[in-house]
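Working through the structure, step by step
Single-letter residue listing:
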Amino acid sequence: MHHQRRSGVRALAAITAAAALTLAGCSAPGGGSSAPAEVTDAISGPVTAEQVAQLGDLTLSVWADQGEQDFMDKVIPAYEDAYPNVTVDIQYKSYNDLMATVLNAMNSADAPDVTQGNQGWATDGALVKAGLIRPLDDLAAAYDYEAAAGDSITQLEWSADGSSFGSGSIYGMSPDNQMVGIFYNKAKLAALGLDVPRTLDDFDKALAAAKDAGETPLILGNSDKASAMQTLSLVQGALTPAADTRAWITGVDGATFDVPSNAEAIDHFAGWVSSGYVSPGYDGTSPDDAVAAFAAGDGVFFIGGNWYAGTIADGATFGFAAGLKDGGYASSGSFGLPWHVSAKSDATLAALAFVGMINSADTATTLASVNRVPIHAVEAGEPGTIFPDLLTASAEQLDNGGPLYWYDWATDTMFDTFTSGLQEVLGGQGSSSDLLTQIQDDWAAFHTK
Amino acid sequence: MRIREPAGPTRRRRYDWGAYLYLVPAFAFYVVFLLRPVVESVWIAFFDWDGISASTWVGNANFADVLGSQQIWQAAGHSMVFIVFYALVPTVLALVFIGVIARIRVRGLAFFRAALFVPYILSTVVVAIAWRWIFAESGPLNTALRSIGLGGLARTWLGDFDTALPSVGVIGTWVMFGLAFVLFVSGLQAIPAELFEAARIDGAGPFREFFAVTLPALRGEIQVALVLMITAALRNFDIVWNTTSGGPGTSTTVPSYFIYREAFVTHHVGRASAIAVALTVLIIAVVATVMRLTREPGGGAR
Amino acid sequence: MNGSRRERLLGYTLLVVGALLALYPFASIVVLALTPKGERSGGVSLPSSITLANFATAWTRGGFGQALWSSLVVAVAVVVGASLVSLLAAYAFTTMRFPAKSLLLAVLLVGLIMPYEGIIVPLYYLLDGMGLLNTYWALILPQIATSVSLGVLWMRTAFAAVPPSLAEAASIDGANRWSTLWRVYLPISLPAIGTLGTLLFLYTWNEFLMALVLVPQNPAVQTAPLALSFFAGSTRNFDPAVTAAAAVTVALPIVAVYVVLQRRFISGITAGAVKE
């Protein structure tokens, strides 16, 4: 026993000595301060094939959200035709995987030349702060992007050090407008004798009527945790002024989310759940499964993003409406995931050409053909599909200042704080006032750094 | 009484200095890719760092934050629950099995052993996918419940606040049982038959025999099993990541999940390191406790 | 002794029920993987026809051919590398005298208990600094390091069982330490090395966290469990049968090796227990 103790102590002493020795080489972790990305090769007009040809044969590496695949399947061949010396190598990732890996990827030695990011402090803010993406003011000007984007372009703007959101240089470009809206089953609404509800009151009545008739009023799939947050935006947008919400998200001094109207919104949504209006088992159901069920005829309403129109495409059976009139048709909405160009790319011109092409007026019709709403103007689209509804809804929301952005943009940890907390409140495990306190604390902690 | 060596030229043992050459390859890997990172983990925890730009020294702030964080304590609480499912339940179940089969000669024991060990050799991702299917809304468990009239019990097991944690626990029990069983069987087979005969002659029934002969003889195996299983319970990154991602809400979070998220998603690398250090210390403490509790009683007469 | 009839009944019942429960989950995803699209019945009854279409879809969409190859490369490299360095070090521990011997052994114990979570963050930045992230080396080098503890202690036990008389005989014949290792110790210990290799192969093949952190961006080097996780998580593919087919594909190699070598797997785990 004595012998064991002695060797134990000696082992401990030696390990400590070794630790001290190895530490001796340690300095504060992390590289030096990162310089803001600079633009040394500004373009003045659309990138020509000749300019890109000068780079010789090259491969353009691109990272994209998997939802882009339909669109990319059409854009990439067109791009490779226009710029024959470039081969595009694209990797698709699920939204959650993309958000989890994009920052480290853009910082690594083999960063992709082009990637999608996400507006807000968690992703784009971090990318700008670390100097990893190139300012795109010149690109936006060259492709007439600013006119099409209008006032909403501020969601793509950052100061050079990433410390302020909503003004400064343009760091990303996105070709489409995404928003959460109300998908409704036309036949079932007609059977209930109802019009499409456009106020919160009407919506509540419609849900109740649907339940009485034995239908599932509202289909929801929340295993990704984001969907319930997006559904909430319909109610929250109806009760709280959209401008206040946007100010809070972009980090305006003194803004707060902890206000009575937001508590009311959360409680209202929780009320839907406890009244049995929402499809059961939603936390274990993926949004894709929920959408598939709705598209197959389940349920009366589905509140979700207009990108689901790819699945809920039949305009004869389904319709899409923007948010509720009470709030100026407000709901979570913004431009789609922005495209960025790496500050470290050695194929910058090719990358600029790629991002420019995606965001140009010419490609807008391609975008419309896969049921996404471009920010450039397009024609109304085929009747019989749901697309005309999408265009109307998008215009309605944009004209009324309705886009709320997305709550998780607000800080780098807001996604977890908001979605987990909301799941608990909806599941009857917590109170809305506690949730709002947590949300506001998260915001305050982030903005005092 | 100490024997003093006679004065004069002291005998020195001859050392094989060349031995170090044989040690260098293994220890080179070990120091560079394991020991130094251990030390660095502690070091990084004293900084506030986003992994990319420069870092700032914050002293104990990360540790204080972590130890005071309700979120982390909740995750640690879940880990304790997992210890029950991943270690205690499989051990008890395996001992029950051993107690029963110690009384009989089993034909085809090798087959049963091999079958029961399968869960342990499958990749955690495969395990997660299989059980996500079993627990799915339209999966075998619910289908079976509905078909025998217990449809009221059917639910999305991994998506329901009340059942998500135990459901993940059940997966752990399923994986670890085979490990315990296999370990205990090998221990059982090492017990000399005379001990059992002696017990029988003394008139011991099955329970007496189990507690007097079998259980003490398996002490070593129980110790190893508990250490392996408790370590798995306290880590448990893979299963949580591939089934619930800590949800619904925060009902299945575990510390290792936060380590990953803080380090690689939200980019609070210092905080992630602090959690990692805390988790490592916890594991070492628990393992040391288990080894203490299951060590040889007295001086060990074996 | 064979117990009473009741005891035998109880014993076999427990074993059979246990074996069924142990095998059912894997069997159920095999069945699901073979079920054609129209017949999803909830997994309790067998489908009336089977199809391999799900496997074909999973294979082409998921790039599992490359992933299985990567897993093989990494596992073999780790087994060979770790075994080699471990037996060299174990030889020194077993047959030679040198200062700080017990200290160095104690240091190795750290590796037995250290959770990967405790080192994964600095490992990421270390490999990034070496430019090795997203390459096979990112998986091979750390896993050799984490295998050293088990490897050295294991081989030390194996070498300690070699009768010293054999070593003496060899040195009388003029062999030096180096050749004694390869000509005497190694051949006798081959079974032990085989078991160690089997265990290391299993642990390395199944390693998920290291792959997730250290090779997240490069599908060409991602190992099978990681590729499977990404595949299953991608919501474009919410057909559970295709996911099941992917899982079965990834599990098959290890299951096949297990069926052939299960005695080695099991004796590896249990021998470790006896040693402790």
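Residues numbered from 1 in each chain as written. Chains lettered and ligands numbered in written order. Predicted model: local features only at pLDDT ≥ 70, side-chain atom pairs only at ≥ 80, totals over all residues.

For chain C, the count of helices and strands is twelve helices and zero strands. When its helices and strands are written in sequence order, chain C yields α-α-α-α-α-α-α-α-α-α-α-α. When the backbone C-alpha atoms are referred to their principal axes, chain C occupies close to 75 × 65 × 35 Å. Looking at the 276 residues of chain C, the share that counts as buried comes to 48%. Nonlocal contacts in chain C, meaning residues at least 24 apart in sequence, comprise 75% of its contacts between residues at least 6 apart. (Helix = DSSP H or I, 4+ residues; strand = E, 2+ residues; numbered from the N terminus. Buried ≥ 20, exposed ≤ 12 C-beta atoms within 10 Å, placed from the backbone. Contact = placed C-beta atoms within 7 Å.)

Below, the discussion takes up the overall build of chain B. Per the secondary structure count, chain B includes 13 helices and two strands. At 25 Å, chain B has a C-alpha radius of gyration far larger than the 19 Å of a compact globule built from 302 residues. Taking all 302 residues of chain B together, 53% fall into the buried category. Of the contacts made within chain B by residues no fewer than 6 positions apart, 73% connect residues no fewer than 24 positions apart. (Rg over C-alpha atoms; globule rule 2.2 N^0.38 Å.)

Residues and elements named next belong to chain C. Considered domain by domain, chain C is made up of domain 1 (5-51) and domain 2 (63-275). One C-alpha centre belongs to domain 1, the other to domain 2; they are set 33 Å apart. Between domain 1 and domain 2, the residue contacts involve six residues of the former and seven residues of the latter. Grouping the amino acids of the side of domain 1 that touches domain 2 by side-chain chemistry returns five nonpolar, one polar and no charged. (Domains from an automatic or database assignment. Nonpolar A, V, L, I, M, F, W, Y, C, P; charged D, E, K, R; others polar.)

Now for the domain arrangement of chain B. Size of an interface, as often reported, equals the accessible area lost when the parts are brought together. Residues and elements named next belong to chain B. By domain assignment, chain B separates into domain 1 (36-71 + 253-295) and domain 2 (80-234). Put simply, the middle of domain 1 and the middle of domain 2, counted by C-alpha atoms, are 32 Å apart. Listed by partner, the interface residues are eight residues for domain 1 and eight residues for domain 2. Its residues assigned to classes, the side of domain 1 that touches domain 2 shows seven nonpolar, one polar and no charged.

Attention now moves to the nonpolar core. Counting 190 residues, the largest nonpolar core has Met229 of chain B together with Leu214 and Ala247 of chain C as its most contacted members. Once you skip the residues sitting within four places of it in the chain, leucine 214 of chain C turns out to touch Leu123, Tyr124, Leu127, Leu133, Ala138 and Leu139 of chain C. Val62, Ile133, Val370 and Phe418 of chain A belong to the second-largest nonpolar core, a separate cluster that totals 135 residues. (Core = buried A, V, L, I, M, F, W, Y, C linked by C-beta atoms within 7 Å.)

Next up on the list: the packing of helix H12 (residues 255-265) of chain B against helix H13 (residues 269-293) of chain B. All names here are of chain B. Remark: H12 packs on H13, axes separated minimally by 8 Å, with the N-to-C direction vectors making an angle of 160°. Comparing the axis directions of H12 and H13 gives the class roughly antiparallel. Between H12 and H13 lies a crossing whose hand is left-handed. Taken together, the residues of H13 that come into contact with H12 (itself represented by Pro255, Ser256, Phe258, Ile259, Glu262 and Ala263) are Val269, Arg271, Ala272, Ile275, Ala276 and Leu279. Taken together, the residues that form the contact of H12 with H13 break down as nine nonpolar, one polar and two charged. (Axes fitted to C-alpha atoms, helices over the stretch in contact; angles between N-to-C directions. Parallel < 35°, antiparallel > 145°, perpendicular 65-115°, else oblique. Left-handed = near helix turned anticlockwise from the far one by under 90°.)

In this assembly, 75 residues from chain C lie in contact with 80 residues from chain B. Per-class residue counts for the side of chain C that touches chain B are 53 nonpolar, 17 polar and five charged.

Per-residue pLDDT for chain C has a mean of 88; in total, 93% of the residues score no lower than 70. Within chain C, the lowest mean pLDDT, 83, falls on helix H7 (residues 164-172) of chain C, and the highest, 95, falls on helix H3 (residues 64-95) of chain C. (pLDDT = per-residue confidence, 0-100.)

This part is about the environment of valine 287 of chain B. Along the chain, the position of valine 287 of chain B falls in helix H13. Note: C-alpha distance between valine 287 of chain B and leucine 141 of chain B (146 residues apart in sequence) is 35 Å. Beyond its immediate stretch of four places on either side in the chain, valine 287 of chain B contacts Val227, Ile230 and Thr231 of chain B together with Ile113 of chain C.

For a regular strand, side-chain orientation follows a simple rule: the groups alternate between the two sheet faces. All names here are of chain A. Burial within strand E6 (residues 176-185) is extensive, with ten of its ten residues counted as buried. Bridge count for E6 against strand E12 (residues 373-374) is two bridges, and the pairing is antiparallel. Residue pairing for E12: asparagine 177 is matched across the bridge by valine 373. Pairing between E6 and strand E10 (residues 333-335): three bridges, direction antiparallel. Of the residues in E10, the one forming a bridge with methionine 179 is glycine 333. (Pairing = 2+ DSSP bridges.)

What follows is about helix H6 (residues 136-160) of chain C. Compared with an ideal rise of 1.5 Å per residue, which puts 25 residues at 36 Å, H6 of chain C spans 34 Å between its outermost C-alpha atoms and is within 8% of the ideal. In H6 of chain C, a bend of some 40° at valine 148 of chain C exceeds every other bend along the element. (Expected span 1.5 Å × (residues − 1). Bend = angle between axes of the 7 residues up to and from the residue.)

Here the focus is the environment of serine 189 of chain C. Residues and elements named next belong to chain C. Of note, serine 189 is situated in the loop between helix H8 (177-188) and helix H9 (190-206). Its 21 C-beta neighbours within 10 Å are what place serine 189 among the buried residues. Separated by 28 residues in the primary sequence, serine 189 and alanine 161 have C-alpha atoms spaced 8.7 Å apart. Beyond its immediate sequence surroundings of up to four residues, serine 189 is in contact with Met155, Ala158, Phe159 and Val162.

This part takes up the sheet that holds strand E3 (residues 114-116) of chain A. All names here are of chain A. The four strands are arranged E2-E1-E3-E11 in an open sheet whose pairing can be described as mixed. Strands with a single pairing partner mark the edges of an open sheet, and in this sheet they are strand E2 (86-93) and strand E11 (339-341). Within this sheet the neighbouring strands show an average axis-to-axis angle of 20°, counted without direction. Bridge analysis of E3 against E11 gives three bridges, and the strand direction is antiparallel. Looking across to E11, one finds that valine 114 is bridged to valine 341. Contacting strand E1 (58-65) and E2, helix H3 (residues 69-82) runs over the sheet at an angle of about 170° to E2.

Turning to unusual backbone geometry, a few remarks are in order. Of all residues except glycine, most have a negative phi; of all peptide bonds, most are trans. Residues and elements named next belong to chain A. A positive phi angle is found at aspartate 144, which is not glycine, with a value near 55°. Counting through the fold element by element, aspartate 144 comes out in the loop between helix H6 (137-142) and helix H7 (145-149). The class for aspartate 144 is partly exposed, based on 14 C-beta atoms found within 10 Å. With a phi angle near 70°, lysine 225 is a residue other than glycine that sits in the positive phi range. Residue position: lysine 225 is located in the loop between strand E7 (218-219) and helix H10 (226-239).

Residue and element names in this part refer to chain A. A large share of strand E8 (residues 301-305) lies buried, amounting to five of its five residues. Pairing geometry for E6 and E8, over five bridges, is antiparallel. Paired with glycine 181 across the bridge in E8 is glycine 304.

This brings us to helix H15 (residues 361-369) of chain A. Because each turn of an α-helix spans 3.6 residues, side chains separated by three or four positions end up pointing in the same direction. Residues and elements named next belong to chain A. Of all the residues in H15, the buried ones are Thr363, Ala364, Leu367 and Ala368. An end-on view of H15 places all buried positions within 155° of arc, on one side of the element. Considering only its buried residues, H15 is in contact with H3, E6, helix H14 (348-358), E12 and helix H16 (387-399). Backbone geometry just downstream of H15 places asparagine 371 in the positive-phi region, at approximately 70°. (Arc of directions from axis to C-beta.)

A few words on the environment of alanine 87 of chain B. Residues and elements named next belong to chain B. Assignment of secondary structure puts alanine 87 in helix H3 (residues 70-101). Alanine 87 gets classed as buried once you count the C-beta atoms within 10 Å, which come to 26. Between the C-alpha atoms of alanine 87 and phenylalanine 97, which are ten residues apart in sequence, the distance is 15 Å. Residue contacts for alanine 87: discarding those within four places in its chain leaves Met176, Leu226, Met229, Ile230 and Ala233.

Overall, the predicted model of chain B reaches an average pLDDT of 88, with 94% of residues at or above 70. The model gives residues 4-11 of chain B a pLDDT under 50, and that stretch makes one contact with residues more than four places away or in other chains.

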